[in-house]
Amino acid sequence: MMQRFFHAIVFTTLLASIPSAAFTQTPSSKASSIVHSAAYPNRVKVVSATYRIGIQVSGSPLSGIRITVPENRPGKFRIGQVTIADRTGQLVPANHSFNGKEVTIAFAQPVIAGTMIEINLNSVRTSDLLGRTWLFPIYGRSIGLNQEIPLGTARIQTYQ
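Please read these numbers as outputs of a predicted model, since none were measured by experiment.

(A) Looking closely at the overall build of the protein. The secondary structure content of the protein amounts to 1 helix and 10 strands. Among the 160 residues that make up the protein, the fraction classed as buried is 31%. Look at the contacts in the protein between residues 6 or more apart in sequence, and 71% of them connect residues 24 or more apart. Entry remark: accessible area of the protein is about 10,100 Å², with carbon and sulfur atoms responsible for 57%.

Here it is in structure tokens:
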């Protein structure tokens, strides 16, 4: 009886370790990606919130980024200023524009692989006072490529 119990435990442990071993052996991603996103403060009634989006640059250097404002936005969605900083807090020189539908960022110098950047959308204001989950699709441009590469979707939640 005890031997059956022991074999069942060993078999279950082996079975459970197979998927985790498969995940640990996959090569790390060579594409840039979003690592975090949040609103500070995350209250709707705040006059001037900052939406922060962290991006880990991997593979090819990034020459630019495009952030699409969600289609389900209320009548007015405003962004005051856009700042980009690296992990140490040093500002990354870039030109940016906001046309009401998307934020376009063009870096003065390409951002090299291994760099973590934080994009701050400052003084964000909306015309409604509803708590929402905002989904911002984000695309990157790499040197030598004519197409944009999807980096992921930043999820930013606000509360009433």
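Having seen the structure, we can now continue with the description.
(B) Inspection of the pattern of salt bridges at higher detail. Under the criterion given, the structure shown has 3 salt bridges. Note that Arg 66 and Glu 102 form a salt bridge whose closest N and O atoms lie 3.0 Å from each other. Taken together, the residues Arg 66 in strand β3 (residues 62–68) and Glu 102 in strand β7 (residues 102–111) connect sequence positions 36 residues apart. Residue class for Arg 66 comes out buried when judged on its relative accessible area of 19%. For Glu 148, the salt bridge is made with Arg 141, and the minimal N-O distance between the two is 3.9 Å. For Glu 148, a relative accessible area of 28% corresponds to the partly exposed category. Within this structure, Arg 66, Glu 102, Arg 141 and Glu 148 form a network of salt bridges that share partners.

The rules behind each value
- Residues numbered from 1 in each chain as written.
- Predicted model: local features only at pLDDT ≥ 70, side-chain atom pairs only at ≥ 80, totals over all residues.
- Heavy atoms only, no water.
- Helix = DSSP H or I, 4+ residues; strand = E, 2+ residues; numbered from the N terminus.
- Buried < 20%, exposed > 50% of the residue type's maximum accessible area, 1.4 Å probe, protein only.
- Contact = heavy atoms within 4.5 Å.
- Areas by Shrake-Rupley, 256 points an atom, 1.4 Å probe, with all protein chains shown as cover.
- Salt bridge = Lys/Arg side-chain N within 4 Å of Asp/Glu carboxyl O.

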